[in-house]
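Understanding the architecture of this molecule
One-letter residues, chain by chain:
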Amino acid sequence: MRFSAATTADRVLPGRLAAAARPLLRRADALLDGRDEASEAGRVSLIAFAIRIVNAIIAFVSQVLLARWMGPFEYGIFVLVWVTMVIAGNLSCLGFHTSVIRFVSEYRENARTAELRGLLLTSRVFAIASSTLIAAIGFAGLWWFEDAVESYYVVPFYLGIICLPMIALSDLLQGISRAHAWAFSALSPTYLVRPVLILLCMAGALAAGHAPTAQTAMICAILATYATTIWQLVTVSGSADRLAGDGPRQILFRTWMLVSMPIFLVESFFYLLTNADVLMVGRYLPPDDVALYFATVKVLALVHFVYFAVKTGVAQRYASIWHGGDRQAFRRFAQATVGWTFWPSLAMAVIVLVVGQPMLALFGPHFDQGYPLLFVLVLGVVARAAVGPAESLLTMSGNQNICAGVYALTLSINIALNVLLIPLYGLWGAALATAVAMSFEAFALSFTVWRRLGIVMMVFLPSNLSREP
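Quantities reported herein were computed from a predicted structural model and do not represent experimental measurements.

This paragraph deals with the overall build of the protein. Check the secondary structure of the protein and you find 16 helices and 0 strands. Out of the 469 residues in the protein, the part that is buried amounts to 56%. By element, 67% of the accessible surface of the protein is carried by carbon and sulfur atoms, the whole surface being about 19700 Å².

Have a look at this one:
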């Protein structure tokens, strides 16, 4: 017998209170126990949202402690190197970590088990091979151009490159988990386990008498990343392989790469767009300013994770409904996800602006100078939330090429504005460039979805403007 919140409320609450709560509780029951696309996606998004809340707390506490232990200069070095490695590791998958969501959903929907087995094996091997090759190129490039890099960055970057294969494999395994709607196994290794291990390792290193430097922090990151990814490989691969069953494998590598490469461009532009401001600040300003700006961005992450949680929950359902052929259900579901993204993001934005200054002060002296930047940055984040996970809608419906074009243009605008404004206005220039680029991204994605799919993806526009593509 299943648990029902509405039935339980009728039994234990007074009549009027139970009647008032019944509509909301019935919605909760439908979300938690429903078998339709919206209920399943809602559950995944809810789990992802909860994990991201816990992650935001863990990440904030860990970054505060690292900033206080290391000081702004060393913390700024670590931040720039780690962000660069996370981006490079993600891009090392060459789009496979996202295309696997689409293909696993398609093969499961159509009972194509031979292709499914081939995809699961090939994607893992490819992620390791491609990221190892890129790591080797990174070592060679850093050695060749070492004289052009600030001396305090050299050793941390050498250490960071060691993490690349495991970061890439972790992202690929996250994609496999998302394709199966395993929200906890998709997100907990990267967003819960790894940051906790980095923090515990750093605390142990300092207790053992090691200096609180960026090099020490990078060694801790290496240990935490390898331990987390190996555990993830054992658990996720075992579960996915058991579901696929034993039997022949069919490898359609060319087909997968033809889809993965445009997605790779989309993901590349998206990741670079999301982190371009931090990288560009590191290019033009000293590590102390990198630390201040990154701390501000970490506070802003409280707004970002709403968008991320919804995107995590709906990508697999977009692909499943699309390949199922019901275009009306696809349209209704896509439009519903806009509201799921925007209103919680708006609420979190207000909260961040209220508590942002004392939160930044926790990082140490002078970090609260980044508080005014939040008012600029939050505009871009809310603008992106206003169109929901539109890029996932395009990617999962076979429109990854034009989506890549949108992100290429947006990234070009972002970089150009950063190059122009940071030398003139410092951190204010970076914040303004990011907000403008995000607003353009939202408009361009919404317009592209309407032109290609006929779906209105904008929170304040009426849904009856939708049309046949």
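All right, on to the packing of aromatic side chains then. Here the structure, examined in full by the defined rule, presents 23 aromatic pairs. Judged by centre distance (6.0 Å) and plane angle (90 degrees), the ring pair of W343 and F460 falls under edge-to-face. Of the two residues, W343 sits in helix α12 (residues 327–361) while F460 sits in the segment after α16 (427–453), which places them 117 residues apart along the sequence. Residue W343 is classed as partly exposed on the basis of its relative accessible area of 47%. On the accessibility criterion, F460 (62% relative accessible area) is exposed.

Turning our attention to the confidence of the model for the protein. For the protein, the average pLDDT comes to 84, and 87% of its residues sit at 70 or higher. Note on residues 1–6: pLDDT under 50 across the span, and 10 contacts to partners over four residues away in sequence or across chains.

Okay, the side chain of S188 next. Tracing the backbone shows S188 in helix α8 (residues 183–207). For S188, a relative accessible area of 3% puts it in the buried group. Not counting residues within four places of it along the chain, the set of residues in contact with S188 comprises I51, V193 and W231.

Quick look at the environment of N275 now. Note on placement: N275 falls in helix α10 (residues 253–284). Residues N275 and V83, spaced 192 residues apart in sequence, show a C-alpha to C-alpha distance of 7.7 Å. Setting aside anything within four residues of it in sequence, one finds N275 in contact with V83 and I87.

Throughout the structure, instances matching the rule amount to 4 salt bridges. As a salt-bridge pair, E115 and R112 come within 3.3 Å of each other at their nearest N and O atoms. The exposure class of R112 is partly exposed, given its relative accessible area of 28%. A salt bridge links E441 to R384, with the nearest nitrogen and oxygen atoms 3.1 Å apart.

Right, let's get into the packing of α12 against helix α13 (residues 371–385). Running from amino to carboxyl end, α12 crosses α13 at an angle of 175 degrees, the nearest separation of the two axes being 9 Å. One finds that α12 runs roughly antiparallel with respect to α13. Side by side, α12 and α13 meet where V338, T341, F342, S345, L346, A349, V352, L353, G356, Q357 and L360 of the first sit next to Y371, L374, F375, V378, V382 and A385 of the second. The class makeup of the residues in the contact of α12 with α13 is 13 nonpolar, 4 polar and no charged.

What follows concerns the environment of C163. Summarising the element assignment, C163 is placed in the loop between α6 (151–161) and α7 (164–179). Once the C-alpha coordinates of C163 and A221 are considered, the two residues, 58 residues apart in sequence, prove to be 7.8 Å apart. When near neighbours in sequence (up to four residues on either side) are disregarded, C163 contacts W82, A221, I222, T225 and Y226.

On to α7, then. One turn of an α-helix holds 3.6 residues; hence residues three or four places apart share an orientation. Compared with an ideal rise of 1.5 Å per residue, which puts 16 residues at 22 Å, α7 spans 23 Å between its outermost C-alpha atoms and is within 8% of the ideal. For α7, the buried fraction is high: 16 of the 16 residues fall into the buried class. Immediately beyond the C-terminal end of α7, within one or two residues, lies A181, with a positive phi of roughly 65 degrees.

About the cut-offs
- Residues numbered from 1 in each chain as written.
- Predicted model: local features only at pLDDT ≥ 70, side-chain atom pairs only at ≥ 80, totals over all residues.
- Heavy atoms only, no water.
- Helix = DSSP H or I, 4+ residues; strand = E, 2+ residues; numbered from the N terminus.
- Buried < 20%, exposed > 50% of the residue type's maximum accessible area, 1.4 Å probe, protein only.
- Areas by Shrake-Rupley, 256 points an atom, 1.4 Å probe, with all protein chains shown as cover.
- Phe/Tyr/Trp six-rings, centres within 6.5 Å; stacked < 30°, edge-to-face > 60°.
- pLDDT = per-residue confidence, 0-100.
- Contact = heavy atoms within 4.5 Å.
- Salt bridge = Lys/Arg side-chain N within 4 Å of Asp/Glu carboxyl O.
- Axes fitted to C-alpha atoms, helices over the stretch in contact; angles between N-to-C directions.
- Parallel < 35°, antiparallel > 145°, perpendicular 65-115°, else oblique.
- Nonpolar A, V, L, I, M, F, W, Y, C, P; charged D, E, K, R; others polar.
- Expected span 1.5 Å × (residues − 1).

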